[in-house]
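# Secondary and tertiary structure notes
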Amino acid sequence: MNIRLSLERAWYRPMSWALFLLPLSWLFRAVSSGRRFYYQRVSPPCPLPIPVIVVGNISVGGTGKTPLLAALVVIFQAQGYRPGIISRGYGGSATHYPQRVTDLSTAEAVGDEPLLLSSLCPVVVDPDRYRAARYLLENTGCNLIFSDDGLQHYRLPRDIEIVVMDGERGTGNGHCLPAGPLREPLSRLQTADFVVVNETVASLGIPHQGTFKLSPVHFRQLATGTSVAVGSWSLGRRVHAVAGIGNPARFAHTLTSLGFEPILHPLPDHHRFTGEELCFDDGLPVIITAKDAVKCVADSSDNVWVLDVQAEPDPPFIERLMRDVGCLALAASAAP
């Protein structure tokens, strides 16, 4: 775990030991480009009869993708669409696919993000996202599919690509894995339909078609579900911040902006909680993310709180996305 966190820190420094991994990055980039060429030119996938929107990243680590996807689902539902979500189910250990996420599902089986999103709409997990999409079509009334991540899963046909980026950390040293944080070279952004940036954009230096911000909604006691408004917190400002997400520092920064003095305990993304991570002997409140909360219910105590946030996309981005999806839906309905 320490090696992984050390590598991630090295990616965001101009010069670091990670650059010794550049030969492996060149190999990774060649393989990635080859796969994309194969599915785009040699063996393109069959299109699906309803619009497919991929919400993904070209970099590893937290960008706010999951809250943005949740916000998009709610926005499209308000316009009369019936969206469904497909996901790889990263971190899950399911033994059969495709698998519909239900109230009986666990994060250990289907992954933390699918379980978190399943309260909004139908969610199906499968490493083969095309198979997951076919399952949604055949077993639900969805007329719009969102792919949670999967930008590099070229077996999945897509109509719209939304690349989500962290405006604070940007693209790091600009190199592909493992020497840098990129899954694909920066030139890939030129082929996406939307590049959407989480908050800070001044230092990013990359053209984008939208922004969004993450706004705290309330604190929720994990054991009871009791909610407390952000401005009504009365348990002290010194807290433990435990985060098993792509960018734990962002979580700490959010708490700091709310007037807290967080003691950050960063964990790897998709970390499987045992309960020990939330136990401290000083009596201070422990605050975790909603993504981590779905894995901690059995380990909860009265001293553990969840900071629920929501994404707020800027109106021009939503208007253009709505227009594009509307055109796609109209064309799909007119197809024989």
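The present account deals with the structure reproduced in this document.

Cut-offs applied
- For every chain, the first residue of its written sequence is number 1, and the numbers climb from 1 along that sequence.
- The predicted nature of this model means local features are confined to residues of pLDDT at least 70 and side-chain atom pairs, given and counted, to a pLDDT of 80 or more, with totals for whole chains, interfaces and linings taken over all residues.
- With hydrogens and water stripped out, all remaining heavy atoms of the structure feed into the side-chain values.
- Two aromatic rings, drawn from Phe, Tyr or Trp (for Trp, its six-membered ring), form a pair once their centres lie within 6.5 Å of each other, and the interplanar angle then sorts them: stacked below 30 degrees, edge-to-face above 60, tilted otherwise.
- Only DSSP runs of H or I with at least four residues qualify as helices, and only runs of E with at least two residues qualify as strands; both kinds are numbered from the N terminus onward.
- The buried label goes to any residue with under 20% of its type's maximum accessible area, the exposed label to any with over 50%, and the partly exposed label to all in between, with areas taken from a 1.4 Å probe on protein chains only.
- By nonpolar core we mean a set of buried residues, namely Ala, Val, Leu, Ile, Met, Phe, Trp, Tyr and Cys, connected to one another through side-chain atoms within 4.5 Å.
- We call two residues contacting when some pair of their heavy atoms lies within 4.5 Å.
- In protein, a polar contact requires one atom able to donate a hydrogen and another able to accept it; more generally it is a pair of N or O atoms within 3.5 Å, and residues adjacent in sequence count only if both atoms are side-chain atoms.
- Each patch is built from residues lacking any salt bridge and having more than 30% relative accessible area; the joining distance is 9 Å for like charges and 5 Å for nonpolar side chains (Val, Leu, Ile, Met, Phe, Trp, Tyr).
- Residue burial considers only the protein chains on display, and all accessible areas are found by Shrake-Rupley using a 1.4 Å probe.
- The working definition used for a salt bridge is a side-chain nitrogen of Lys or Arg within 4 Å of a carboxyl oxygen of Asp or Glu.

A word on the packing of aromatic side chains. Summed over the entire model, instances satisfying the criterion amount to eight aromatic pairs. For the ring pair F76 and F146, a centre distance of 5.8 Å and an interplane angle of 70° mean the geometry is edge-to-face. On the criterion of sequence distance, the pair formed by F76 in helix α3 (residues 65-78) and F146 in strand β5 (residues 144-148) is long-range, its members being 70 residues apart. Consider the rings of W233 and W305, whose centres lie 5.3 Å apart with planes at 80°: the pair is edge-to-face. Residue W233 is located in the loop between β9 (227-229) and β10 (238-243), and its partner W305 is located in strand β13 (residues 304-313); the two are separated by 72 residues in the primary sequence. Each member of the pair, W233 as well as W305, carries the same accessibility label: buried.

Another point: the nonpolar core. Core analysis: the biggest nonpolar cluster contains 33 residues, and I53, L72, F146, I162 and L321 have the highest contact counts within it. For F146, the contacting residues outside a window of four places in its chain are I53, V55, L69, L72, V73, F76, P83, G84, I85 and I86. Residues I86, C142, M165 and I206 belong to the second largest nonpolar core, which totals 23 residues.

A few words on the side chain of D269. Within the secondary structure layout, D269 lies in the loop between β11 (261-266) and β12 (286-289). Engagement of the side chain of D269 in a polar contact is seen with the side chain of K291, the distance being 2.7 Å.

With that out of the way, let us pick up the environment of G56. Mapped onto the fold, G56 is located in strand β1 (residues 52-56). For the pair G56 and V195, spaced 139 residues apart in the sequence, the C-alpha separation amounts to 9.9 Å. Apart from the residues within four sequence positions on either side, G56 is in contact with K65, D149, L151, I162, V163 and V164.

With that out of the way, let us pick up a nonpolar patch on the surface. Together, L24, L27 and V31 give the surface a local cluster of nonpolar side chains, amounting to about 290 Å² of exposed area. By relative accessible area, which is 48% here, V31 ends up partly exposed.

To continue, consider the pattern of salt bridges. Evaluation of the coordinates by the stated rule reveals 19 salt bridges. Close ionic contact of D126 with R131 constitutes a salt bridge, the shortest N to O distance being 2.6 Å. Given a relative accessible area of 0%, D126 falls into the buried group. The exposure class of R131 is partly exposed, given its relative accessible area of 38%. Note that D269 and K291 form a salt bridge whose closest N and O atoms lie 2.7 Å from each other. Placement of the pair is D269 in the loop between β11 and β12 and K291 in helix α8 (residues 290-293), with a sequence separation of 22 residues. On the accessibility criterion, K291 (12% relative accessible area) is buried. By sharing partners, the salt bridges in this structure join K65, E113, D148, D269 and K291 into a single network.

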